[in-house]
Amino acid sequence: MSAPEGLPPRLAARLKDFERFCTDEIDRNIIQSAPADPQAETIYHYTDVKGALGILTSGRLWLTERAHLNDPSEIQYGVDCAVTIAEELAGNAPSDLRRKAVSLLKDGLNAGLRALGFYIASFSFDPNDLGQWRAYADEGRGVALGFSFGAFDQDAPGQTVLKPPHTVALRYKKHILEQYQRRCIERALALLEASELREEFSNHDRVAVRWIFTKLGVLIVLNSVLFKHPAYGHEK
């Protein structure tokens, strides 16, 4: 989503700069979540025999919506981390502008997670993890199907957020997730203050604020996709 038109030149330039920042953050964070040599990596999908036969005969993998996965905090974990950081930054602000903006961000993120579907297929670098045999592969009676790490990096119809799609290795270190989210939120809040937006929000202000927090929300969710709670770190 490009920066809106018809805004005052100084505000429009700042929004363009924030747009470039968001694009650079996405590219950098995805690169840092990729193996050193993706083509040399094999990833494994644990499933029961019925599931394996379905995959092999159809050539397809079924994805599961995040709310129905064994980890109920999938994506929500990273979003909650961002909300905590945003509330901390707003609480230390001398004016109500940050607090009002963070309230809008929090409401938008929670509404987005409720309204949008996030469909996921899970893989592991470990072909013989006891916990995954038990949880996903019929108590060890199933199979672990191996795939090339980059096998799924191909064009997807209707895909618009990342071009091309990327397979990424999930990360489990909370402090790195916090660094990602804090950097984005601080940049957005600084943009609000530098743009001298009024707390009552004029028409131009509302357009700008909506755009800023839409871009920030997408960035927060994409960062959240790259991380899981440390309790699931054994799944690799």
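Our structure is the block above this text.
Conventions we followed
- Residues numbered from 1 in each chain as written.
- Predicted model: local features only at pLDDT ≥ 70, side-chain atom pairs only at ≥ 80, totals over all residues.
- Heavy atoms only, no water.
- Helix = DSSP H or I, 4+ residues; strand = E, 2+ residues; numbered from the N terminus.
- Contact = heavy atoms within 4.5 Å.
- Areas by Shrake-Rupley, 256 points an atom, 1.4 Å probe, with all protein chains shown as cover.
- Buried < 20%, exposed > 50% of the residue type's maximum accessible area, 1.4 Å probe, protein only.
- Polar contact = N/O pair within 3.5 Å; in protein donor to acceptor, adjacent residues only side chain to side chain.
- Core = buried A, V, L, I, M, F, W, Y, C linked by side-chain atoms within 4.5 Å.
- Salt bridge = Lys/Arg side-chain N within 4 Å of Asp/Glu carboxyl O.
- Axes fitted to C-alpha atoms, helices over the stretch in contact; angles between N-to-C directions.
- Parallel < 35°, antiparallel > 145°, perpendicular 65-115°, else oblique.
- Left-handed = near helix turned anticlockwise from the far one by under 90°.
- Nonpolar A, V, L, I, M, F, W, Y, C, P; charged D, E, K, R; others polar.
- Phe/Tyr/Trp six-rings, centres within 6.5 Å; stacked < 30°, edge-to-face > 60°.

Engineer: Report on the overall build of the protein, specifying residues and quantitative values.
Structural biologist: A tally of regular secondary structure across the protein gives 7 helices and 4 strands. Each helix and strand of the protein, placed in order from N terminus to C terminus, yields the pattern α-β-α-β-α-α-β-α-β-α-α. For the protein, the proportion of contacts with a sequence separation of at least 24, taken over those separated by at least 6, is 81%. Surface summary for the protein: the accessible area is close to 13,200 Å², and the carbon and sulfur share equals 54%.

Engineer: Run through the side chain of Ser124, naming residues and quoting values.
Structural biologist: Of note, Ser124 is situated in the loop between strand 3 (119-120) and helix 5 (130-136). For Ser124, a relative accessible area of 1% puts it in the buried group. Polar contacts involving the side chain of Ser124 include one to the main-chain amide nitrogen of Asp126, which spans 3.0 Å. Once you skip the residues sitting within four places of it in the chain, Ser124 turns out to touch Thr42, Ile43, Tyr44, Tyr46, Gln132, Glu235 and Lys236.

Engineer: Could you give an account of the nonpolar core, with specific residues and numbers?
Structural biologist: In globular proteins that are soluble, nonpolar side chains generally tend to be buried together. Counting residues in hydrophobic clusters, the biggest one holds 47 residues, and the most contacted among them are Phe18, Ile185, Ile212 and Leu216. For this core, the leading source of residues is helix 7 (residues 203-225), giving 10 residues. Once you skip the residues sitting within four places of it in the chain, Phe18 turns out to touch Arg187, Ala188, Leu191, Trp211, Ile212, Lys215 and Leu216. Within the second largest apolar cluster, 7 residues are counted, among which are Ala52, Leu61, Phe147 and Phe149.

Engineer: Can you lay out the environment of Leu109 for me, pointing to particular residues and giving the numbers?
Structural biologist: On the secondary structure map, Leu109 appears in helix 4 (residues 96-115). Residue classification places Leu109 among the buried residues on the basis of a relative accessible area of 6%. Once the C-alpha coordinates of Leu109 and Val83 are considered, the two residues, 26 residues apart in sequence, prove to be 8.7 Å apart. Once residues within four sequence positions are removed from consideration, Leu109 is found in contact with Val79, Val83, Gly217, Ile220 and Val221.

Engineer: Before we move on, can you summarise the environment of Asp48 with the specific residues and values?
Structural biologist: Tracing the sequence through the fold places Asp48 in the loop between strand 1 (42-47) and helix 2 (49-58). Residues Asp48 and Ala137, 89 residues apart in the sequence, show an inter-C-alpha distance of 4.5 Å. Of the polar contacts made by the side chain of Asp48, one reaches the backbone nitrogen of Gly51; its length is 2.7 Å.

Engineer: Tell me about the pattern of salt bridges, residues and numbers included.
Structural biologist: For the coordinates displayed, the defined rule picks out 8 salt bridges. For Glu178, the salt bridge goes to Lys174, with nearest N and O atoms at 4.0 Å. Highlighted residues: Glu178 and Lys174, both in helix 6 (residues 174-194), separated by 4 residues, approximately one helical turn. Judged by its relative accessible area of 44%, Lys174 falls in the partly exposed class.

Engineer: Explain the packing of helix 4 against helix 6 residue by residue, including any values.
Structural biologist: Running from amino to carboxyl end, helix 4 crosses helix 6 at an angle of 130°, the nearest separation of the two axes being 11 Å. Considering their axes alone, helix 4 and helix 6 lie oblique with respect to each other. The two elements helix 4 and helix 6 cross, and the hand of that crossing is right-handed. The segment helix 4 lies against helix 6, with Leu97, Arg98, Ala101 and Val102 engaging Leu189, Ala190, Leu192 and Glu193. Class assignment of the residues belonging to the contact of helix 4 with helix 6 gives a composition of 6 nonpolar, no polar and 2 charged.

Engineer: Describe the packing of aromatic side chains, naming the residues involved and giving the relevant values.
Structural biologist: Per the counting criterion, the structure on display carries 5 aromatic pairs. A centroid spacing of 5.9 Å and a plane angle of 25° characterise the contact between Phe18 and Phe21, whose relative ring orientation is stacked. Placement of the pair is Phe18 and Phe21 together in helix 1 (residues 9-32), with a separation of 3 residues, close to one helical turn. Take Phe18: its relative accessible area is 2%, and that puts it in the buried class. Aromatic pair Phe123 and Phe147: ring centres 5.8 Å apart, planes at 80°, arrangement edge-to-face. In this pair, Phe123 sits in the loop between strand 3 and helix 5 while Phe147 sits in strand 4 (residues 143-148), placing the two residues 24 residues apart along the sequence. Ring pairs connect the aromatic residues Phe18, Phe21 and Trp211, which therefore count as one cluster.

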